[in-house]
Amino acid sequence: MSNPVSHTCPTCGHTWRHGHSGDHNCTTRLVQQRGELLAALEAIAEWTERYTKPDHPISTVARKAIANVGAL
Ligand SMILES: [Zn+2]
(Lines give C-alpha, C1' and ligand atoms only; values in the text may rest on other atoms or scores of the structure.)
Protein backbone atom coordinates (compact mmCIF):
# COMPACT_ATOMS: atom_id res chain seq x y z
CA MET A 1 0.00 0.00 0.00
CA SER A 2 1.44 3.38 -1.01
CA ASN A 3 1.53 6.47 1.14
CA PRO A 4 -1.24 9.05 0.71
CA VAL A 5 -0.50 12.21 -1.32
CA SER A 6 -1.88 14.46 1.38
CA HIS A 7 -3.31 14.45 4.87
CA THR A 8 -6.30 16.28 6.32
CA CYS A 9 -6.78 17.31 9.95
CA PRO A 10 -10.03 15.68 11.13
CA THR A 11 -10.72 18.60 13.46
CA CYS A 12 -10.34 21.67 11.23
CA GLY A 13 -9.84 20.42 7.67
CA HIS A 14 -6.28 21.75 7.29
CA THR A 15 -4.42 19.78 4.60
CA TRP A 16 -0.73 19.20 3.99
CA ARG A 17 1.36 17.17 1.60
CA HIS A 18 2.67 13.80 2.74
CA GLY A 19 6.22 14.13 4.05
CA HIS A 20 5.79 17.83 4.93
CA SER A 21 5.06 19.17 8.37
CA GLY A 22 1.38 19.14 9.30
CA ASP A 23 1.97 21.55 12.14
CA HIS A 24 -0.88 24.06 12.46
CA ASN A 25 -3.27 25.64 14.93
CA CYS A 26 -6.82 24.25 14.67
CA THR A 27 -8.23 27.16 16.67
CA THR A 28 -7.09 29.79 14.17
CA ARG A 29 -8.80 27.99 11.30
CA LEU A 30 -11.93 27.15 13.29
CA VAL A 31 -12.39 30.76 14.42
CA GLN A 32 -12.08 31.91 10.79
CA GLN A 33 -14.60 29.29 9.65
CA ARG A 34 -16.98 30.33 12.45
CA GLY A 35 -16.90 33.93 11.20
CA GLU A 36 -17.55 32.87 7.61
CA LEU A 37 -20.48 30.66 8.65
CA LEU A 38 -22.02 33.37 10.84
CA ALA A 39 -21.76 35.87 7.97
CA ALA A 40 -23.40 33.39 5.59
CA LEU A 41 -26.22 32.69 8.05
CA GLU A 42 -26.76 36.41 8.55
CA ALA A 43 -26.99 36.92 4.78
CA ILE A 44 -29.45 34.02 4.46
CA ALA A 45 -31.59 35.39 7.29
CA GLU A 46 -31.62 38.92 5.84
CA TRP A 47 -32.47 37.73 2.31
CA THR A 48 -35.26 35.49 3.59
CA GLU A 49 -36.73 38.25 5.75
CA ARG A 50 -36.61 40.70 2.82
CA TYR A 51 -38.09 38.49 0.10
CA THR A 52 -40.41 36.09 1.95
CA LYS A 53 -42.94 36.31 4.75
CA PRO A 54 -42.01 37.41 8.30
CA ASP A 55 -40.88 34.55 10.56
CA HIS A 56 -40.14 32.31 7.59
CA PRO A 57 -38.78 28.93 8.85
CA ILE A 58 -35.44 29.50 7.08
CA SER A 59 -34.78 32.86 8.72
CA THR A 60 -36.01 31.48 12.05
CA VAL A 61 -33.55 28.57 12.00
CA ALA A 62 -30.73 30.85 10.81
CA ARG A 63 -31.39 33.41 13.55
CA LYS A 64 -31.60 30.62 16.17
CA ALA A 65 -28.22 29.22 15.08
CA ILE A 66 -26.63 32.68 15.10
CA ALA A 67 -27.96 33.29 18.62
CA ASN A 68 -26.76 29.90 19.87
CA VAL A 69 -23.24 30.33 18.48
CA GLY A 70 -23.04 33.94 19.58
CA ALA A 71 -23.96 32.87 23.11
CA LEU A 72 -20.76 30.80 23.45
ZN1 LIG B 1 -6.57 21.05 12.65
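To keep things clear, this report deals only with the structure shown in the data block. (Residues numbered from 1 in each chain as written. Predicted model: local features only at pLDDT ≥ 70, side-chain atom pairs only at ≥ 80, totals over all residues. Heavy atoms only, no water.)

### Points about the environment of T60
- Among the structural elements, T60 can be located in helix α2 (residues 57-70).
- Distance in space between the C-alpha atoms of T60 and N25 is 33 Å, their sequence separation being 35 residues. (Helix = DSSP H or I, 4+ residues; strand = E, 2+ residues; numbered from the N terminus.)

### Examining the packing of helix α1 (residues 26-51) against α2
- Where α1 meets α2, the axes come as close as 8 Å, and the angle between the chain directions of the two elements is 150°. Looking at the two axes, α1 sits roughly antiparallel to α2. The hand of the α1/α2 crossing is left-handed. Here R34, L38, L41, E42, I44, A45, E46, T48 and E49 of α1 come into contact with α2, specifically with I58, S59, A62, R63, A65, I66, V69 and G70. (Axes fitted to C-alpha atoms, helices over the stretch in contact; angles between N-to-C directions. Parallel < 35°, antiparallel > 145°, perpendicular 65-115°, else oblique. Left-handed = near helix turned anticlockwise from the far one by under 90°. Contact = heavy atoms within 4.5 Å.)

### Looking at unusual backbone geometry
- Although it is not a glycine, D55 sits at a positive phi angle of roughly 60°.
- Mapped onto the elements, D55 comes out in the loop between α1 and α2.

### Considerations on the coordination of the zinc ion
- For the zinc ion, every protein donor is listed as C9 (SG), C12 (SG), H24 (NE2) and C26 (SG), and the spread of their distances is 2.1 to 2.4 Å.
- Geometry at the zinc ion is tetrahedral, judged from the four donor atoms that bind it and their angles of 97 to 121° at the metal.
- Each donor residue of the zinc ion lies on the same chain, and together they follow the pattern C-x2-C-x11-H-x1-C.
- The exposure class of C12 is buried, given its relative accessible area of 4%. (Donors = N, O, S within 2.8 Å, 3.2 Å for Na, K, Ca; no water. Tetrahedral: all angles 85-135°; square planar, octahedral: opposite > 155°, others 65-115°. Buried < 20%, exposed > 50% of the residue type's maximum accessible area, 1.4 Å probe, protein only.)

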